[in-house]
Amino acid sequence: MKHLEKKAADMTVKELASYIDYSVLKPEFTEEEIIALTKDGAELGCATICINPGYMELCAPYVEGTDTMLCPVCDFPFGTSSTASKVQQIEQVAKYDTVKEVDIVANFGEIRSGNWDKVLEDIKACVKAAHRYGREIKVIFETDALNEEQIRRMCQVCMEAGADFVKTSTGFLTGHEAHGATPEVIAIMQEECGDKCKVKGSGCIRTRGHFLQLIDMGIDRMGVGYRSVPVVLGLDKAAPSADSY
């Protein structure tokens, strides 16, 4: 949890952008769209650009020499691959010098099944792979599919596994209402993690008020969709249409 010296409303655009993982994850994006959005996130000074692992070579040149780095998201969006497959994905992307962090999706079906030992071992292996390359790792566990008890337990599991961040959502969950990074869920995660693990909110962060509120709560990072980035930064007053992440 961040301990702030000033309110979010008093921060500069660059300070606010440093909270953002700019989401460039839609599977239908063309290469031209991915490049344009990566450039935009880097020009704004976002912390990272979240991309699918297959686009590392495409995106890397556009963050080099900037304050922005890449954050490939592995086993996205379902988290149902084998542990060996997840580890291999992490190892393929973590070797790049342009990578700041790696995001990984936990198997939230196993979480809902109460198979905590399996979940723990899976995340431990992913953490070990990321840390081997000096990269921090964020664990997404799809909070909209879980109840409060499961969310709290997953925070504990992630800390036991040595994860650097816990994270709410993929933005691609089906069959459940989408609430994403609500202040209530973020507060639960912060209460469980304290200063032992960072918290990233993602999903449904589409208004400036919501964005600033989470910063004032001490959130460490937020995943924001490309349509919503200018809105939360106060660069575009138009209300965005729903967009993933």
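**Student:** Mind laying out the environment of Met-1, listing which residues take part and the relevant values?
**Tutor:** On the secondary structure map, Met-1 appears in the segment before α1 (13-17). Each C-alpha atom of the pair Met-1 and Lys-196 lies 8.4 Å from the other, and the pair is 195 residues apart in sequence. Leaving out residues up to four positions away in the same chain, Met-1 has contacts with Gln-190, Gly-194, Asp-195, Cys-197, Met-217, Gly-218 and Asp-220.

**Student:** Go over the packing of helix α6 (residues 116-132) against helix α7 (residues 148-161), please, and point to the residues and values.
**Tutor:** For the pair α6 and α7, interaxial distance at closest approach is 9 Å and the crossing angle is 45°. One finds that α6 runs oblique with respect to α7. The way α6 lies across α7 gives a crossing that is right-handed. Contacts between α6 and α7 pair Trp-116, Val-119, Leu-120, Ile-123, Lys-124 and Val-127 from the former with Gln-150, Arg-153, Met-154, Val-157, Cys-158, Glu-160 and Ala-161 from the latter. In the contact of α6 with α7, the residues fall into 9 nonpolar, 1 polar and 3 charged.

**Student:** Explain the side chain of Thr-168 to me, using residue names and the numbers behind them.
**Tutor:** Following the sequence through the fold, Thr-168 ends up in the loop between β6 (165-167) and α8 (183-193). Taking relative accessible area as the criterion, Thr-168 reaches 0% and is therefore assigned buried. Setting aside residues up to four positions removed in sequence, Thr-168 forms contacts with Ile-140, Phe-141, Glu-142, Thr-143, Ala-181, Val-185, Ile-186, Met-189, Lys-200, Gly-201 and Ser-202.

Criteria and thresholds
Residues numbered from 1 in each chain as written. Predicted model: local features only at pLDDT ≥ 70, side-chain atom pairs only at ≥ 80, totals over all residues. Heavy atoms only, no water. Helix = DSSP H or I, 4+ residues; strand = E, 2+ residues; numbered from the N terminus. Contact = heavy atoms within 4.5 Å. Axes fitted to C-alpha atoms, helices over the stretch in contact; angles between N-to-C directions. Parallel < 35°, antiparallel > 145°, perpendicular 65-115°, else oblique. Left-handed = near helix turned anticlockwise from the far one by under 90°. Nonpolar A, V, L, I, M, F, W, Y, C, P; charged D, E, K, R; others polar. Buried < 20%, exposed > 50% of the residue type's maximum accessible area, 1.4 Å probe, protein only.

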